[in-house]
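Chain and residue survey
As a plain string of letters, each chain reads:
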There are 2 protein chains.
Amino acid sequence: MPATEPLGQVLTIEVGGALPYRVEVGSGLLAHLEVPHKQVALIYPSDLPNQFVEQVRAALSPAVMIVVPPRDACKTLSVLESVLSELAQANLTRDSAVVGLGGGAVTDLAGFAAASYLRGVAYYSVPTTLLGMVDAAVGGKTGVNLPEGKNLVGAFWPPKQVWVDVDTLATLPPATFREGAAEAYKHGLIADPSLLERVLSPEFVPGHASLPQIIADAIAVKAGVVTRDLTEQGERAYLNFGHTLAHALEAVTHQAITHGEAVGYGMHYAALLSREMGGKDLTDDTRAFLKYQKPQPLPPLTFEDLWPYMARDKKADAEGVRFVLLCDLAQPYLARVPEDILRRAFGIWVEEI
Amino acid sequence: MPATEPLGQVLTIEVGGALPYRVEVGSGLLAHLEVPHKQVALIYPSDLPNQFVEQVRAALSPAVMIVVPPRDACKTLSVLESVLSELAQANLTRDSAVVGLGGGAVTDLAGFAAASYLRGVAYYSVPTTLLGMVDAAVGGKTGVNLPEGKNLVGAFWPPKQVWVDVDTLATLPPATFREGAAEAYKHGLIADPSLLERVLSPEFVPGHASLPQIIADAIAVKAGVVTRDLTEQGERAYLNFGHTLAHALEAVTHQAITHGEAVGYGMHYAALLSREMGGKDLTDDTRAFLKYQKPQPLPPLTFEDLWPYMARDKKADAEGVRFVLLCDLAQPYLARVPEDILRRAFGIWVEEI
């Protein structure tokens with residue numbers, strides 16, 4: 001059992017709504033996790049550094065430890081089935097808890113397993129990637145992918161608590177950290193412009209003393225939105241800024257492009273659409289982000305390649321697809337966009353990326 | 001398109017709670033179904049008589065018709081996955097509806113597909129078996145089985161409306177009708193003793209003028225319970241009278257024993273346990289029901305064969321298994337039963353069945 005690091009300052013964010021919970025952000029949290037359940041199942045990916053697994057194991061003494069494939073390889077109904085079988089074989093009862101420790105894909109899977117096992121047991125989220133921290137861990141969206149598209153299956157199942165231990169970011173490849181920065185930057189665009197400069201600053205790196213506060217502020221944007229709108233009846237859709245194209249890019253490249261990279265590209269398309277629809281020109285911001293993020297290059301793509309995937313977006317209704325656009329910084333709205341504008345903006349986007 | 005039968009008298013039961021809905025019971029309902037959604041997916045089993053499928057097709061004009069295997073063969077994550085893929089391929093959006101038409105297994109599967117597709121779309125239930133009508137269709141429990149046990153995966157996802165068309169019962173094999181009678185009889189034991197005599201009377205057969213009222217009264221028992229306790233924090237557990245042994249019998253016989261037959265057997269064990277724990281002797285009632293139901297005989301079984309399955313019951317917690325028992329008619333309670341009493345009652349039960 002590793003020596004327990006002392007807890008530093010812990011920042012807290014309260015998520016409200018019908019089922020409120022707390023997000024704690026700080027350093028050295030993993031070794032101090034505590035849950036009021038006799039039986040705990042710990043779900044984590046095979047590539048998680050062993051030191052983090054051991055810290056959580058020592059803190060929680062799980063009845064069962066379930067290893068899943070890393071990233072989106074774990075977000076399938078087939079992996080879900082094997083996880084659920086392991087929970088059943090461990091005889092986990094309704095008063096037990098599932099703890100998801102890993103990136104956003106793992107916490108999405110673990111949350112859906114908690115939501116559906118025995119029709120719902122307690123869930124705790126311990127994100128270990130920047131993307132998982134500022135996006136997946138808060139808001140209660142859980143689920144898996146289908147061959148037909150991402151996140152087409154799932155449940156709204158808020159965690160009982162979220163622990164964001166920034167120490168886990170130190171072992172991430174820099175590209176993975178920058179991947180997650182896309183969601184923090186997005187929160188800047190749609191709600192808290194102070195984040196734009198801070199995310200692109202030299203302070204936004206693992207180990208920097210300012211990092212916990214920037215992450216906490218990025219989480220606070222999402223916490224505010226989902227407090228007001230858990231099940232995406234209205235405002236919550238704004239969190240999908242950049243995501244309509246992003247999901248299509250992920251699908252068409254078979255996840256060769258990561259989610260955060262796809263969001264980086266997608267935000268620039270959404271900014272172009274916003275400008276073409278008469279909003280303020282914010283494309284310098286989305287260009288600056290792409291310059292910072294350095295995403296993998298995309299293969300040659302046409303509008304026709306991507307449109308079928310965009311048309312299946314969850315924000316679509318029987319009337320067609322809706323995009324999240326910006327009138328200005330922190331002024332998002334939802335709109336149906338005429339096809340000629342979709343195509344014109346796409347042409348510019350293809351040129352610029 | 002078949003000629004539309006006129007609607008006879010329609011009995012209605014209101015189910016309350018946070019998401020209230022109405023159950024309509026009557027004759028000729030199928031041809032009059034109506035839902036306020038542009039896109040409808042109809043899910044039904046391969047053995048459903050074509051006349052019912054056609055009536056519903058004509059009434060609802062579904063965008064997609066999804067055929068699933070009959071009975072519990074459809075309650076797997078693998079069938080769920082193919083259903084979800086068909087919903088995605090039909091481009092069903094969040095404002096669409098899933099309609100489940102069939103027995104309790106099919107409506108359980110269809111309800112879970114509705115609960116999890118795009119994290120939840122509207123669900124409508126059209127049960128066509130007695131079991132599906134008096135039990136599965138009301139209360140919002142949806143889900144599938146795991147190899148480790150029945151109903152270990154699912155969601156609480158109440159329907160928007162339930163239509164109980166008693167005409168569908170006319171085509172059921174008599175044994176299947178009597179199978180479903182177990183849940184109606186159980187509602188008599190735990191809450192409405194008037195049902196005991198009526199369920200065993202010659203009036204309780206397909207086509208009899210009294211049938212809709214008896215079914216409606218049996219549904220009303222469940223509707224009352226789930227209105228007060230949707231997620232099984234308390235009273236709702238009483239609906240599981242007889243089910244702890246029943247689920248074990250189904251599992252150990254690999255579903256050779258049907259659910260209703262297992263509940264018939266399980267109610268008698270629960271009545272024996274209740275008596276041994278000091279309650280009124282109601283075993284004449286549960287014996288009378290078995291005599292009426294004529295379930296398939298059971299293979300030779302020991303307590304050790306069944307106990308591992310009973311121990312995994314969803315009413316178990318970290319302290320162990322709890323049984324629903326009766327002090328008297330309509331006076332259920334939840335209790336942990338000492339092992340010597342579990343074994344003694346089991347010995348009597350094995351002798352008597």
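What you see is a predicted model; the values in this text were computed from it and never measured. (Residues numbered from 1 in each chain as written. Chains lettered and ligands numbered in written order. Predicted model: local features only at pLDDT ≥ 70, side-chain atom pairs only at ≥ 80, totals over all residues. Heavy atoms only, no water.)

Observations regarding the relation of the copies chain A and chain B
- Rotating chain A by 180° and moving it 0.0 Å along the rotation axis overlays it on chain B with an RMSD of 0.0 Å. Such a combination of turn and shift is consistent with a two-fold rotation axis. The rotation axis passes nearest to the C-alpha of A:Leu77 in chain A, at a distance of 3.6 Å.
- When you check the interface residues of chain A against chain B, 100% turn up at the interface there too, and the contact is symmetric in its surfaces. (Least-squares fit on C-alpha atoms with pLDDT ≥ 70 in both. Contact = heavy atoms within 4.5 Å.)

Brief notes about the interface of chain A and chain B
- On the chain B side, the residues contacting the 35 residues of chain A number 35 residues.
- In total, about 3,400 Å² of surface goes out of reach between chain A and chain B, with carbon and sulfur atoms giving 55% of it.
- At the junction of chain A with chain B, the criterion picks out zero salt bridges.
- Linking chain A with chain B are 10 residue pairs in polar contact (both at pLDDT 80 or more), by the criterion used here.
- Those elements that provide at least two residues to the side of chain A that touches chain B are helix H2 (77-89), helix H3 (104-116), strand S7 (141-146) and strand S8 (149-156) of chain A. (Buried area = accessible area lost by both parts, 1.4 Å probe. Salt bridge = Lys/Arg side-chain N within 4 Å of Asp/Glu carboxyl O. Polar contact = N/O pair within 3.5 Å; in protein donor to acceptor, adjacent residues only side chain to side chain. Helix = DSSP H or I, 4+ residues; strand = E, 2+ residues; numbered from the N terminus.)

Thoughts on helix H12 (residues 339-352) of chain A
Residue and element names in this part refer to chain A.
- A rise of 1.5 Å per residue sets the reference length of H12, with its 14 residues, at 20 Å; its end C-alpha atoms lie 20 Å apart and thus fit the reference within 8%.
- Restricting attention to buried positions, one finds in H12 the residues Ile341, Leu342, Ala345, Phe346 and Trp349. Down the axis of H12, the buried set is contained in an arc of 135°. They therefore lie on one face.
- Contacts made by the buried residues of H12 are with helix H8 (243-252), helix H9 (259-276), helix H11 (303-311) and strand S10 (323-328). (Expected span 1.5 Å × (residues − 1). Buried < 20%, exposed > 50% of the residue type's maximum accessible area, 1.4 Å probe, protein only. Arc of directions from axis to C-beta.)

Remarks on the sheet that holds strand S5 (residues 97-102) of chain A
Residues and elements named next belong to chain A.
- Taking strand neighbours across the sheet as the criterion, the seven strands line up as S1-S2-S9-S6-S5-S3-S4 in an open arrangement whose pairing is mixed. Where the open sheet ends on each side, the last strands, each with one partner, are strand S1 (11-15) and strand S4 (64-68). Direction aside, the axes of adjacent strands within the sheet are offset by 15° on average.
- Packed onto the sheet, H3 meets strand S3 (40-45), S4, S5 and strand S6 (122-127) and runs at close to 170° relative to S5. (Pairing = 2+ DSSP bridges. Axes fitted to C-alpha atoms, helices over the stretch in contact; angles between N-to-C directions.)

Details of the pattern of salt bridges
- What the rule picks out here adds up to 36 salt bridges over all chains.
- Residue A:Arg287 pairs with A:Glu352 through a salt bridge whose shortest N-O separation is 3.0 Å. Pair noted here: A:Arg287 is in helix H10 (residues 283-293) and A:Glu352 is in helix H12, with a separation of 65 residues, a long-range link.
- Judged by its relative accessible area of 30%, A:Arg287 is partly exposed.
- In this structure, B:Glu276 engages B:Arg275 in a salt bridge whose closest nitrogen and oxygen atoms are separated by 3.4 Å.

Notes on the UniProt feature "domain: 3-dehydroquinate synthase N-terminal" (unreviewed entry) in chain A
- Under the local residue numbering, the UniProt record ascribes the feature "domain: 3-dehydroquinate synthase N-terminal" (unreviewed entry) to residues 66-178 of chain A.
- The span residues 66-178 of chain A is 34% helix and 30% strand, and its two end C-alpha atoms sit 28 Å from each other. (UniProt positions renumbered as here; feature names shortened; annotations may be inferred.)

Here we look at the packing of aromatic side chains
All names here are of chain A.
- If you walk through the whole model with that rule in mind, you get 22 aromatic pairs over all chains.
- Judged by centre distance (6.1 Å) and plane angle (85°), the rings of Tyr269 and Phe346 are edge-to-face. One end of the pair, Tyr269, is in helix H9; the other, Phe346, is in helix H12, and 77 residues separate them in sequence. Take Tyr269 and Phe346: they sit in the same class, and that class is buried.
- Summarising the aromatic geometry, the rings of Tyr269 and Trp349 are spaced 6.2 Å apart at their centres and angled 65° between planes, so their arrangement reads as edge-to-face. One end of the pair, Tyr269, is in helix H9; the other, Trp349, is in helix H12, and 80 residues separate them in sequence.
- For Tyr269, a relative accessible area of 1% puts it in the buried group.
- Trp349 gets classed as buried once you look at its relative accessible area, which sits at 1%. (Phe/Tyr/Trp six-rings, centres within 6.5 Å; stacked < 30°, edge-to-face > 60°.)

Remarks on the domain arrangement of chain A
Residues and elements named next belong to chain A.
- The assigned domain composition of chain A is domain 1 (11-228) and domain 2 (241-352).
- Listed per partner, the contact involves 24 residues of domain 1 and 26 residues of domain 2.
- Summing both partners gives a buried area of about 2,100 Å² for domain 1 against domain 2, and 67% of it is carried by carbon and sulfur.
- For the domain 1 face of the interface with domain 2, the top three residues by lost area are Lys150, Arg178 and Leu189, together amounting to 30%. (Domains from an automatic or database assignment.)

Digging into the environment of B:Pro299
- Mapping B:Pro299 onto the fold places it in the loop between helix H10 (283-293) and helix H11 (303-311).
- Sequence spacing of B:Pro299 and B:Asp47 is 252 residues, and the spatial spacing of their C-alpha atoms is 28 Å.

With respect to the side chain of B:Glu183
- Here B:Glu183 shows up in helix H5 (residues 174-190).
- Excluding residues that lie within four positions of it along the chain, B:Glu183 makes contacts with B:Leu131, B:Val134, B:Asp135, B:His243, B:His259 and B:Val263.

Comments concerning the packing of helix H9 (residues 259-276) of chain B against helix H12 (residues 339-352) of chain B
Residues and elements named next belong to chain B.
- Closest axis-to-axis distance for the H9/H12 pair is 9 Å, and the angle between their directions is 130°. Regarding the angle of H9 to H12, the classification is oblique. Considering the relative orientation of H9 and H12, their crossing is right-handed. Across the interface between the two elements, Tyr265, His268, Tyr269, Leu272, Leu273, Arg275 and Glu276 from H9 touch Ile341, Leu342, Arg344, Ala345, Phe346, Ile348, Trp349 and Glu352 from H12. (Parallel < 35°, antiparallel > 145°, perpendicular 65-115°, else oblique. Left-handed = near helix turned anticlockwise from the far one by under 90°.)

Considering the sheet that holds strand S1 (residues 11-15) of chain B
Residues and elements named next belong to chain B.
- The strand order S1-S2-S9-S6-S5-S3-S4 describes an open sheet built from seven strands, whose pairing is mixed. Taken across any chain shown, the strands that pair with only one partner, and hence form the sheet edges, are S1 and strand S4 (64-68). Within this sheet the neighbouring strands show an average axis-to-axis angle of 15°, counted without direction.
- Strand direction decides the pairing type here: strand S3 (residues 40-45) and strand S5 (residues 97-102), joined by four bridges, are parallel. Following the sheet pairing, Leu42 is matched in S5 by Val99.
- Sheet contacts for helix H2 (residues 77-89): S3, S4 and S5; angle to S4, the most-contacted strand, approximately 170°.
- The strands that helix H7 (residues 211-228) touches are S1, strand S2 (21-26) and strand S9 (161-165); relative to S1, the one it contacts most, it runs at about 10°.

Observations concerning the pairing of S3(A)
Residues and elements named next belong to chain A.
- The buried fraction of S3 is high, at six of six residues.
- Here S3 shows two buried faces, one formed by Val40, Leu42 and Tyr44 and the other by Ala41, Ile43 and Pro45.
- Where S3 and S4 come together, five bridges link them in parallel fashion. Its bridge partner being in S4, Pro45 is matched across the sheet by Val68.
- With helix H1 (residues 50-60) bridging S3 and its parallel neighbour S4, the resulting β-α-β unit is right-handed. (Right-handed = clockwise from strand over helix to strand, strands pointing away.)

Describing the environment of A:Gly154
- By the secondary structure assignment, A:Gly154 is in strand S8.
- Between the alpha carbons of A:Gly154 and A:Gly111 there is a distance of 9.0 Å; along the sequence they are 43 residues apart.

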